[in-house]
Amino acid sequence: MLITALGVVGTINCESINAAPSIYPTGTTRYDPNKAFNSYVLFTSGDNIAHLIDMNGNSVHEWKDAASHSTLIDPSVNGGKLGHVFVTLDTVEGKGTGLIPGQVNRKVAKTVAELDWDGKVVWSFGEKAPGGVAQQHHDWARLPNGNTVILANLVHPVKGFKQPKVLDDVVYEVNPVGEVVWKWIASEHLNEFGFTPNELKLVRNADIADYLHVNNLKVVGANHWFASGDKRFNPDNLLFDARNANFIAIIDKKTGKIAWRLGPHYSDVSEEQQYSRKVPRPVDQISAQHDAHIIPEGLPGAGNLLVFDNQGVAGYPPASVPRTGGSRVLEIDPVKKEIVWQYTGEDSGGPTWSFRSTHISAARRLPNGNTFVDEGQSGRLFQVTREGEIVWEYVNPYLRKGKDPFTGRATANNQLYRGQPVPYGWVPTGTPHTEKAVIPPELSRFQLPPAP
């Protein structure tokens, strides 16, 4: 099967991304409707549009988004309203933040908002934020009481740090009229994060202001641990992870103290060694992780922690990870702190490095037991069964285009910060979707013909 197969799987793109081939198909590249959990998918990419696509890759609805952090709002905590999303309305040039791996530019969010299905602003935050700028990053969530929790940055001096000002992480709870009614500042809890005295010295003497880089904020939600009496997992508590410091933690919403933590210390793995694939086992070295959350009730694995373990460079001191390893998706019993399920490239028949994203990315459990994965660095979204079979795959065709400041050469990047599965019931009645199977070609024959 030659180039004619591309009419089925997507389009060809001639611009390089990351370390991938320079020519590759985009759109839906494989799809088994009988094995996949059929849904929509929401993401924002380089075109600054939040796309709601169906499983065949059709963009069925769009919202303008000034950043890359669009997030669906659950109707169960939003008065039953369907099709509402969080987006960034506008940005301003950041000051003193520097550039970090995975950060596209220095811009920070000025105003963030809830948009309805038609794109109308029904709630916003920014004008009443400290300094009049939201500085929201990575995550946000609507609460059952109608308020919104927002993960934001706070640029300020912190005593004992080498940097004159740090890019601190702060959580705001904001009421419906945009006022901050509760806040939590990471630097006030340094001694609760599990660092040894020597590690804490490294943290305080970090060469970058973004010393923790918290990239995720989730409401813990209802779970059987709390129902059985474990107050650490109070549904109102907040879970976050710190990419640069290799730990995941739960904030007690009432006291602000850290109620539960995983990391920053794990079983050591040498650079040349590969991780075990046997489960259950104690959690081994996580590094530069993203999207940690408690699997919601009603889904397979409910109550366990699901996290995209990037295996990127992170830690104080930097963690030792396998030199030729890939990324992992880990499902963890948060009480025993054991890995009970995992996904690596090997589970789909490839080498470990065939699944790899050293920054950004996400993973979510689906109702049929599959796991939705965002391999963000390469712009690939896919669904995998518990046994490792890929039953849906999509490559982001919406590139961020620019120009290399040194060579002047055109650049293109289809990285995708966070894709999210969206149930059919989330959208207004009548929203279209298709479920047509896409059969991938045999790779050894999937070739372009020579020029005539």
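Residues numbered from 1 in each chain as written. Predicted model: local features only at pLDDT ≥ 70, side-chain atom pairs only at ≥ 80, totals over all residues. Heavy atoms only, no water.

K.L.:
So what's going on with the overall build of the chain? Residues and values would help.
P.N.:
Each helix and strand counted, the chain has three helices and 29 strands in total. Computed over C-alpha atoms, the radius of gyration of the chain comes to 21 Å, within 12% of the 22 Å expected from 2.2 N^0.38 for 452 residues, which places it in the range of a compact globule. Taking the principal axes of its C-alpha atoms as reference, the chain extends roughly 70 × 55 × 55 Å. If you take every contact in the chain between residues at least 6 apart in sequence, the share linking residues at least 24 apart comes to 57%. By element, 54% of the accessible surface of the chain is carried by carbon and sulfur atoms, the whole surface being about 19700 Å². For the chain, the distance from the average site of its 44 positive side-chain charges to the average site of its 47 negative ones is 4 Å. (Helix = DSSP H or I, 4+ residues; strand = E, 2+ residues; numbered from the N terminus. Rg over C-alpha atoms; globule rule 2.2 N^0.38 Å. Contact = heavy atoms within 4.5 Å. Areas by Shrake-Rupley, 256 points an atom, 1.4 Å probe, with all protein chains shown as cover. Lys, Arg positive; Asp, Glu negative; His and termini not counted. Charge placed at Lys NZ, Arg CZ, Asp CG, Glu CD.)

K.L.:
Tell me about empty space enclosed by the protein, and please be specific about residues and values.
P.N.:
One water molecule sets the probe size; rolling that probe over the atoms shows where empty space is left. In this structure the tally under the stated criterion is one cavity of 30 Å³ or more. Empty space within the largest cavity amounts to approximately 110 Å³. The wall of the largest cavity is formed by 13 residues, among which Q274, Y275, R328, T344 and T352 lie closest to the centre. Considered class by class, the residues forming the lining of the largest cavity number two nonpolar, eight polar and three charged. (1 Å grid on protein atoms, 1.4 Å probe; cavity = no way out; pocket = protein on both sides within 12 Å on 5 of 7 lines; lining within 4 Å. Points joined across faces, edges and corners; volume = space filled by probe spheres on them. Nonpolar A, V, L, I, M, F, W, Y, C, P; charged D, E, K, R; others polar.)

K.L.:
How would you summarise the pairing of strand 11 (residues 148–156) if you had to cite specific residues and measurements?
P.N.:
Two faces, one strand: in a regular strand the side chains alternate between the faces of the sheet. Of all nine residues in strand 11, seven are buried, a share of seventy percent or more. In this sheet, strand 11 lies alongside strand 10 (residues 136–142) in antiparallel orientation, the contact comprising four bridges. Note on strand 11: the bridge partner recorded for R142 is T148. Here strand 10 hands over to strand 11 after five residues, with G146 in that stretch at a positive phi of 95°. Sheet analysis places strand 11 next to strand 12 (residues 166–174), joined by nine bridges and oriented antiparallel. Residue pairing across strands places L154 opposite D168, the latter belonging to strand 12. (Buried < 20%, exposed > 50% of the residue type's maximum accessible area, 1.4 Å probe, protein only. Pairing = 2+ DSSP bridges.)

K.L.:
For the nonpolar core, give the residues involved together with the corresponding values.
P.N.:
Ranked by internal contacts, the top residues of the largest apolar core, which has 30 residues, are W184, F193, F195, Y211, L212, F240 and F247. Elements represented by at least two residues in this core include exactly strand 11, strand 12, strand 13 (180–185), helix 2 (197–204), strand 14 (214–219), strand 15 (238–242) and strand 16 (247–251). Counting 18 residues, the second largest nonpolar core, distinct from the first, contains V220, W225, V307 and L330. (Core = buried A, V, L, I, M, F, W, Y, C linked by side-chain atoms within 4.5 Å.)

K.L.:
Let's hear about unusual backbone geometry: which residues, and what values?
P.N.:
Here the bond from G263 into P264 is cis, since omega is 5°, no more than 30 degrees from zero. A cis amide bond links V279 to the next residue, P280, at an omega of 0°. Relative to the helices and strands, P280 is located in the loop between strand 17 (258–262) and strand 18 (281–282). Positive phi, normally seen in glycine, also occurs at S361, with a value near 95°. Relative to the helices and strands, S361 resides in the loop between strand 22 (338–343) and strand 23 (362–365).

K.L.:
How would you summarise the packing of aromatic side chains if you had to cite specific residues and measurements?
P.N.:
All told, the structure shown has 25 aromatic pairs when counted by the stated rule. For the ring pair F43 and Y398, a centre distance of 6.3 Å and an interplane angle of 45° mean the geometry is tilted. You can see F43 sitting in strand 3 (residues 40–44) and its partner Y398 sitting in the loop between strand 26 (390–395) and strand 27 (400–403), a full 355 residues away along the chain. Using a relative accessible area of 0% as the deciding quantity, one classes F43 as buried. What makes Y398 partly exposed here is its relative accessible area of 21%. Pairing F195 with F247 gives two aromatic rings, centres 6.1 Å apart and planes at 80°, and the pair type is edge-to-face. (Phe/Tyr/Trp six-rings, centres within 6.5 Å; stacked < 30°, edge-to-face > 60°.)

K.L.:
Break down the sheet that holds strand 17 for me, citing the residues and quoting the values.
P.N.:
Strand order across the open sheet formed by four strands is 14-15-16-17, with antiparallel pairing between neighbours. Two strands in the sheet have a free side with no partner beyond their single neighbour: strand 14 and strand 17. Here the average twist between neighbouring strands, direction ignored, is 20°. (Axes fitted to C-alpha atoms, helices over the stretch in contact; angles between N-to-C directions.)

K.L.:
Summarise the pattern of salt bridges; cite the residues concerned and give the values.
P.N.:
Within this structure, the stated rule accounts for 22 salt bridges. Between K218 and D139 there is a salt bridge, with its nearest N and O atoms 2.8 Å apart. One end of the pair, K218, is in strand 14; the other, D139, is in strand 10, with 79 residues separating them in the sequence. D207 is the partner of K162 in a salt bridge, and the nearest nitrogen-oxygen pair spans 2.5 Å. (Salt bridge = Lys/Arg side-chain N within 4 Å of Asp/Glu carboxyl O.)

K.L.:
I'd like to hear about the sheet that holds strand 8 (residues 107–115), residue by residue, with values.
P.N.:
Read across the sheet, four strands follow the order 6-7-8-9 without closing on themselves; strand pairing throughout is antiparallel. Only two strands of the sheet have a single neighbouring strand rather than two, namely strand 6 (71–72) and strand 9 (121–125). Pairing of strand 6 with strand 7 (residues 85–93) involves two bridges; the strand directions are antiparallel. By the bridge assignment, L72 is partnered in strand 7 with V85.

Coordinates in, geometry out; function isn't part of it.
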